[in-house]
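# Structural features, examined
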Amino acid sequence: MGEAVEMNKELDMALKAKMANAIRALSMDAVQKAKSGHPGAPMGLADVATVLFADHMKFDAANPDWHDRDRFIMSAGHGSMLVYSLLYLAGYPGIDIETIKNFRQIGSPAAGHPEYGHLPGIETTTGPLGQGITTAVGMALAERLQNEKYGDYIIDHYTYVIAGDGCLMEGISQEAISMAGHLGLSKLIVLWDDNNISIDGTLDMACSDDQRKRFEASGWNSIAVDGHDMAAVSAAITEAKTSDKPTLIACKTIIGFGSPNKQGTSATHGAPLGDDEIAETRKKLGWDHPPFEVPQDVLDAWRGVGRKGADKRNAWLSAYTGLTPAGQAELVTPMSDAVKKSLSHAVVTAKKKFVEGGAALATRVSSKQVLDDILPVIPGMIGGSADLTGSNGTKTDQYKPVNRGQFDGNYIHYGVREHGMGAVMNGLSLHGGFLPYSGTFLVFSDYARGAIRLSALMEQPVGYVMTHDSIGLGEDGPTHQPVEHLASLRAMPNINVFRPADSVECAECWEAFVLQDKTPAIMSLTRQNLPLLRDDATDENKSAKGGYVLKEASGERDVTLIGTGSEVSIAMDAAKILEADGLKVAVVSLPCWELFEAQSSDYQWKVLGDAPRVGVEAAVEQGWSKWLGSNGQFIGMNGFGASGPWNELYEHFGITAEKVADAARRVTGNA
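Computed from a predicted structure; not experimentally measured.

Rules and cut-offs
Sequence order as written defines residue numbering, which begins from 1 separately in each chain. It should be noted that, the model being predicted, local features are given only for residues of pLDDT at least 70 and side-chain atom pairs only at 80 or more, the latter also being counted only at that level, while totals for whole chains, interfaces and linings use all residues. Only hydrogens and water are removed before side-chain values are computed, so all heavy atoms of the structure are retained for them. Each Phe, Tyr or Trp ring, with Trp reduced to its six-membered ring, pairs with another whose centre is within 6.5 Å; inter-plane angles below 30 degrees give stacked pairs, above 60 give edge-to-face pairs, and intermediate values give tilted ones. Working definition: helices are DSSP H or I runs of at least four residues, strands are E runs of at least two. Numbering for both runs from the N terminus. Between buried and exposed lies partly exposed: a residue is buried under 20% and exposed over 50% of the maximum accessible area for its type, with that area taken using a 1.4 Å probe on protein chains only. We call a charge positioned over a ring when the NZ of a Lys or the CZ of an Arg lies within 6 Å of the ring centre and within 35 degrees of the ring normal. For this analysis, a polar contact is any N or O atom pair within 3.5 Å, provided that within protein one partner can donate a hydrogen and the other can accept it, and provided that sequence-adjacent residues contribute only side-chain to side-chain pairs. Any two residues whose heavy atoms approach within 4.5 Å at even a single point are treated as in contact. One bridge is not enough; two strands pair if DSSP finds at least two bridges between them. Only the stretch in contact is used when a helix axis is fitted, and all axes are lines through C-alpha atoms; the angle between N-to-C directions ranges over 0 to 180 degrees.

This part takes up the packing of aromatic side chains. Two measures describe an aromatic ring pair: the distance that separates the ring centres and the angle between the ring planes. With the rule as written, the count across this model stands at 19 aromatic pairs. Arranged with centres 5.8 Å apart and planes meeting at 5°, the rings of Phe-59 and Tyr-92 form a pair that is stacked. In this pair, Phe-59 is assigned in the loop between α2 (40-56) and β1 (71-74) and Tyr-92 in the loop between α3 (80-90) and α4 (97-101), connecting sequence segments 33 residues apart. A ring pair is formed by Phe-441 and Phe-444, whose centres lie 6.0 Å apart and whose planes are at 15°; its orientation type is stacked. Among the residues examined, Phe-441 registers a relative accessible area of 7% and is labelled buried. What links up through ring pairs into an aromatic cluster is the set Trp-593, Phe-596, Tyr-603, Trp-624, Trp-627 and Phe-634. Its guanidinium or amino end placed over the ring of Tyr-399, Lys-395 lies 4.4 Å from that ring's centre, counting from NZ or CZ.

Structure representation (structure tokens):
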């Protein structure tokens, strides 16, 4: 099923030229109607895209979720009208000519940049340059991993990327290129829109890289073609499929091709051509049809392209039906009902081990032990680290590394590529069949933030294990001590930031993450040991509600102490001090603000109560007012950290049980 698709003899070059011009016309008309957009890239790439879809792409437009389809990623997401034109012309469901006319309008699935989930055929959200090509590395890696497991009859497809100069200038692209070359992902083919134009003007204003040599130095094959010579483009793709390396095809194109006065200039990049120029372009292209009208012979040819993969899909279905029910489920989703049931049992087992052992553990160590128990019951779970495997605790007892020619593993060594790691995990998740997690230090979430944001935007359940989560990491000092990162990540929509207080909570947080199928997670974990605060190991997951009463007051509350992670034990010690003074104290653990905020107001009130509140967290105060109210007090950080032993740093910055107790006395009028 993986053999190269031969040139479609039924479509002669004259007809293909018209098919490409249909893309150009729809693109310039939609941008003009929206009074906003980027016509240049779709017009310049129309020939490349026509050849790719008509002659090489394995897909069935009527069944866009066919698991063994080729993937197409428009990394240069500003050229989104190329994608929408292709989807409409090929007959994908959910997109008609009215969708094209409503490009970039509120409520239209044809958004300014391609957004995953809005339309079938959009494999990933792109727009932030470099994300698409790197996400594609994850998809190509997923294909190899599943091919190793299921064989060629079930999994054997290509991942195609169109990338622009901007994608290749972004730093994340080097992480992608290096990783793909290192792993030998030969079924990844990148078509570079080599048009020598950026927004500011010609590319030589900012960049003089030899991109082909750059790719070759990272272990890629490279080919150069005239991007407007369809036969040459098709031959290059066929050649790329014979390589044992990933391939870059440098397609020399003219941005805004067909525009008599603007083609080849930055004027076509990010603005409508204008009515007069569009009229002139129609004349030059020989396209004498009104806006948004595609002649029937051209539309019929495109619809035939959309149907050409149906036979291959039917053949694939015969092989697919031979899989066991479990095999069919695991192919697409790592979290079947059977897996969820096994997960619950594994989490309870982990909790029992912690309670029976009673040891004080760093939550990064607790996390590793939880993973030891849950990874065997989730076949699609795949781990990794950005060169911090030992520090992050992401390597389990079932460790088997992924490497070139060794795609039966369950652990990816990402190297020092935090940003690339996040985007590759997005690709693994989007491909289907995988639940990826990987680690670095919390402070380096800044390096991965672009990918984390897309995980959230695309609703992908990607796990970011972020250890060394406070000044508690100690001597490495303020360059490595995160203080603002929790607040920053909590500000991002659709992401759950977990900060467990002990080993039992750690197990519960992992379960809560794995069962959230549309929400990525940050696992904020400690370097320093924390005492075991919970002695219950039932199937109830208290952390799944985001917050709960860890210790209730012995009577009507005088004060409520609220903490997260490593500071919950400080709150517990402060409660003992205050109770010795005769105060009635409750302690609340808030391991996940986002899940707690999703609970009913009644539940939140039962947990927080109406007594004065004190919050404690070894981070900045931002965001805490929602839990502390107008009269609450916060104990935490108000600047960067320092280098020194972790326990001395807590004393130095005043994050201690005594300071929490003092704050409680103030809010209760007992100071």
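Moving on, we get to the side chain of His-67. Within the secondary structure, His-67 is located in the loop between α2 and β1. A polar side-chain atom of His-67 sits 3.2 Å from the main-chain carbonyl oxygen of Leu-331. Ignoring any residue separated from it by four or fewer positions in sequence, one finds His-67 in contact with Gln-146, Ile-155, His-157, Trp-316, Leu-331, Val-332, His-431 and Gly-432.

Although it is not a glycine, Lys-35 sits at a positive phi angle of roughly 60°. Inspection of the secondary structure assignment puts Lys-35 in the loop between α1 (13-34) and α2. Residues other than glycine seldom take positive phi values, yet His-468 does so here, at roughly 55°. Counting through the fold element by element, His-468 comes out in the loop between β11 (463-467) and α19 (485-490). Residue His-468 is classed as buried on the basis of its relative accessible area, which comes to 4%.

With that out of the way, let us pick up the sheet that holds strand β8 (residues 381-385). Sheet architecture is open: six strands sit in the order β9-β8-β10-β11-β13-β12, paired in parallel fashion. Two strands lie at the open edges of the sheet, namely β9 (411-413) and β12 (496-498), each paired on one side alone. On average, each strand axis in the sheet is inclined to that of its neighbour by 20°, with strand direction left out of account. Strand contacts of helix α17 (residues 418-431): β8, β9, β10 (435-441) and β11, with the helix running at about 170° to β10, the strand carrying the most contacts. In the packing of helix α20 (residues 503-514) onto the sheet, contacts are made with β8, β10, β11, β12 and β13 (521-524), and the angle to β13 comes to roughly 170°.

To continue, consider the environment of Val-588. With respect to the element layout, Val-588 can be found in strand β16 (residues 585-589). A relative accessible area of 0% means that Val-588 is categorised as buried. Counting along the chain gives 25 residues from Val-588 to Gly-563, while the straight-line C-alpha distance between them is 6.5 Å. Apart from residues no more than four positions distant in its own chain, Val-588 is found in contact with Tyr-548, Val-549, Leu-550, Thr-560, Leu-561, Ile-562, Gly-563 and Val-607.

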